[in-house]
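Chain by chain, the residues run as shown.
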Amino acid sequence: MLYTTNSTFPESFLWAAGTSAYQCEGAHLTNGKTLSVVEKNINNQYADPSVASGHYQLWETDVELMKDLGLKAYRFSISWPRILPNGRGAVNQEGINFYRNIIAKLKEYHIEPIVTIYHFDLPQCLQDEYGGWSSRKIIKDFEEYCQVLFDHFGNDVKYWITINEQSNMFQLPYLMEFDEQLPLEKQKFEMNHIMTVAHAKAIHRCRQTIADAKIGPALGIIPNYPASAKPEDILAAKHADDLRTYLFMDLYMKGKYKQSVWNYMVHKGVEPTIEPGDMACIKTAKPDFIGINYYQSRVVKFVPKDTAEKELKLNYDGEADETQFENIPGLYEGAANPYTNKTQWDWEIDPVGLRYLLNDIYDRYDVPVLITENGIGTIDELTEKKEILDEERIDFLRNHLFQLHLAMQDGVQVWGYVVWSFIDLLSTSSGFRKRYGLVYIDRDDTDLKTLERIKKQSYHWYQAVITSNGQSL
């Protein structure tokens, strides 16, 4: 649709920015905290997570910067092994105090906390004990962890995200650990089912504990476009959407497996084990909203069954054209889009894709949306005047916000927008070479330097956007 009048963002719109614990806190073995799986497995040819952005020591400085920016909300994750060093049982009071102090300061500054319960940081001890997400034992432990958070922080936190990017966790090798002796695809679907039950249990616990809370998942979603008008390519795009998006969305929102995906799993003999009560638990835990992490779109094409299978290989160092697209022979294969620009990491820059995705999700599920991540990783250079002129980031955010606003005019209910990220943090795949922040952190992968916080040009731009409630885009 085309619109001739300019509507405004609602006064209640949550202008926000975000981080995650393992990417920014550091202090990964400090004051009782134990190691997480992602901290162990993260690609150590780049910066390791022991310091990250130094947020654990410098959180007060960071919250002051949030206040100056004018944030209405701040999305952050709580580290499971900082709260429960053994994964269950004894609560680490030092961890509770750390997050309680942050939340109190946010509330003092009228910044709404949006808390992510699980952002990749499974306690390594649970992985070692019973295989982490491969075992149904984790459901009880995750429930206990959630209850600790709801009990300690429920009076002050009204927005909760259960699990971040469940759909991506099974695609990236450093976020999960798999048994090399077992079929990989079978493990992925089993883990996904277990994680979905745990997500549902978290929602039930939240609603039993915090009467006015809003809770939902955050999914990393990539809309899939057909590479051509060939019917085979159009069907390939549908298969990609079903396997990479709507498998998860239908579980969350409808409480059932998408039939085409279930048939695919049965055909390959990789369907998960469903125990009595699982589907009823999932179905009765419909989220209050859907969180969407949006960075790029993807093009797919049909590939015949006799095509050699390829795994996804990412561009880790920012040298263009290094990505190898995954394929599923007989269904689809990823391909480059000739109609979009790309980042240095080969990610398609597609603001219109956000509007397309929002309309599609809202039409399917009729539930409010929160943009839980949107941003661009770039190589930011500090000038002699200690400035970061990140105009590429400003253009990216401006264009995506413009399309977001059009989607809202289409009728999509969007609660807020979280820029990823507030400060530069440890990119899971590319360290500090790939920077996302509105605030520059003075360090690189090998030299901690000063960890000084320096406002980028995009910080000042977003400040003006918030002050004008989106009128200064």
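Residues numbered from 1 in each chain as written. Predicted model: local features only at pLDDT ≥ 70, side-chain atom pairs only at ≥ 80, totals over all residues. Heavy atoms only, no water.

Q: Can you walk me through the overall build of the protein chain in this structure?
A: When helices and strands are counted, the protein chain shows 15 helices and 16 strands. With the C-alpha coordinates of the protein chain rotated into their principal frame, the extents come out at 55 × 55 × 45 Å. Scored against the burial criterion, the 473 residues of the protein chain give a buried share of 59%. Taking the contacts inside the protein chain whose residues are at least 6 apart along the sequence as the reference set, 76% of them involve residues at least 24 apart. Of the roughly 19,000 Å² of accessible surface on the protein chain, 50% is carried by carbon and sulfur atoms. Side chains of the protein chain give 49 positive and 66 negative charges; the mean places of these two sets differ by 4 Å. (Helix = DSSP H or I, 4+ residues; strand = E, 2+ residues; numbered from the N terminus. Buried < 20%, exposed > 50% of the residue type's maximum accessible area, 1.4 Å probe, protein only. Contact = heavy atoms within 4.5 Å. Areas by Shrake-Rupley, 256 points an atom, 1.4 Å probe, with all protein chains shown as cover. Lys, Arg positive; Asp, Glu negative; His and termini not counted. Charge placed at Lys NZ, Arg CZ, Asp CG, Glu CD.)

Q: Can you help me understand the sheet that holds strand β9 (residues 327-328) in this one?
A: Note: strands within a sheet are paired through backbone hydrogen bonds, in either parallel or antiparallel orientation. Here four strands make up an open sheet; going across it, the order is β6-β8-β10-β9 and the pairing mixed. Each end of this open sheet is capped by a strand with a single partner; those strands are β6 (224-226) and β9. In this structure, β9 lies alongside strand β10 (residues 332-335), joined through two bridges in antiparallel fashion. Bridge pairing in β10 links I328 to Y332. Helix-sheet contacts for helix α10 (residues 231-254) involve β6, β8 (298-301), β9 and β10, and the interaxial angle to β8 is about 120 degrees. (Pairing = 2+ DSSP bridges. Axes fitted to C-alpha atoms, helices over the stretch in contact; angles between N-to-C directions.)

Q: It is not clear to me how the packing of aromatic side chains should be interpreted in this structure. Could you clarify?
A: Two aromatic rings are characterised by how far apart their centres lie and by the angle between their planes. Within the structure shown, the criterion is met by 23 aromatic pairs. Where Y22 meets F120, the ring centres are 6.2 Å apart and the plane angle is 50 degrees; that geometry is what we call tilted. Remark: F120 occurs in the loop between β3 (112-118) and α6 (124-130) and Y22 occurs in helix α1 (residues 21-24); sequence separation between them is 98 residues. Residue Y22 shares its accessibility class with F120, and that shared class is buried. For the pair W461 and Y462, a centre-to-centre distance of 6.4 Å together with 25 degrees between the ring planes defines the contact as stacked. Exposure remark for W461: the relative accessible area of 11% places this residue in the buried category. An aromatic cluster of at least three residues, connected via ring pairs, comprises F9, F13, W15, W461 and Y462. (Phe/Tyr/Trp six-rings, centres within 6.5 Å; stacked < 30°, edge-to-face > 60°.)

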